Amino acid sequence: ENFMNNFLKMFFFILSDTTIYIIMTIKSSKELVNDALKEIKTISHTEASKLHKDGSCNLIDIRDVRELEKEGRVEGSLHIPRGMLEFWIDPNSAYYKQGKIDPSKEIVLFCAGGLRSALAAKSLQDMGFKNVSHVDGGFSAIKDGDFEIS
């Protein structure tokens, strides 16, 4: 009888763990990006170029350093790796980089294709930044525009 009770307890524990995994659902990265795109401002590479040339934005490249080395950099853009973005611009973070961005200007983010920058823009909005956008098509669109690439 004691064996049977322990067996049943173990069986139900395993069953409950299995049930948790069965009913647990996750959002796909595609869903996360689509949800972010509904809440953030998306601008074209032409709009980004105008803001950049006017000096009225912080143009931030969030691509990995290896992408910059391989594809090139947008002249005058700031590089903040995606993994450090929130930390470098949060004044309360130990990793804060004072003076990295001008808070009076729009924050314009771009990555390689526009997916990571959409999620990053949503994250900055969630932090409380109000004037944030991302470039539709990312660096792929930018390099076909009139930006200087080095």
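Throughout what follows, the structure given in this document is the object of discussion. Within each chain, residue numbers correspond to sequence positions counted from 1 in written order. Residues qualify for local features only when their pLDDT is at least 70, as the model is predicted, and side-chain atom pairs are given and counted only at 80 or more; totals for whole chains, interfaces and linings, by contrast, use all residues. Side-chain numbers here rest on the full set of heavy atoms in the structure, without hydrogens or water.

Here we take up the pairing of strand β4 (residues 106-110). Remark: exposure states derive from per-residue accessible area (1.4 Å probe, protein chains only) relative to the maximum for the residue type, with buried under 20%, exposed over 50%, and partly exposed in between. The helix count covers DSSP runs of H or I at least four residues long, the strand count covers runs of E at least two residues long, and both are numbered beginning at the N terminus. Burial analysis of β4 places five of its five residues in the buried class, the great majority of the element. The alternating pattern of β4 places E106, V108 and F110 on one face and I107 and L109 on the opposite face, and all of these are buried. Following the chain from β4 across helix α6 (residues 115-127) to the adjacent parallel strand β5 (residues 132-135), one finds a crossover that is right-handed. Look down the strands so they point away from you; if the path from the first strand over the helix to the second goes clockwise, the crossover is right-handed.

Turning to the pattern of salt bridges, a few remarks are in order. The term salt bridge refers to a side-chain nitrogen of Lys or Arg lying within 4 Å of a carboxyl oxygen of Asp or Glu. For the structure on display, the rule yields 12 salt bridges. Here D35 ties to K27 by a salt bridge, and the two come within 2.4 Å at their closest N and O atoms. For K50, the salt bridge goes to D54, with nearest N and O atoms at 3.0 Å. With K50 and D54 both in helix α3 (residues 45-54), this residue pair falls four residues apart, about one helical turn. Salt bridges linked by common partners bring K27, D35 and K38 together as one network.

We call two strands paired when DSSP finds no fewer than two bridges between them. Spatially, five strands are ordered β1-β5-β4-β2-β3 in an open sheet, and the strand pairing comes out parallel. Either end of the sheet is taken by a strand with one partner, and the two such strands are β1 (41-43) and β3 (78-79). Pairing of β4 with β5 involves three bridges; the strand directions are parallel. By the bridge assignment, L109 is partnered in β5 with H134. Sheet strands touched by α6: β1, β4 and β5. Its angle to β5, the strand with the most contacts, is close to 180 degrees. Contact definition: two residues touch when any of their heavy atoms are within 4.5 Å. Helix axes use the C-alpha atoms of the stretch in contact, all axes being lines fitted to C-alpha atoms, and the angles between their N-to-C directions lie in the range 0 to 180 degrees.

These values are about where atoms sit, not about what they do.
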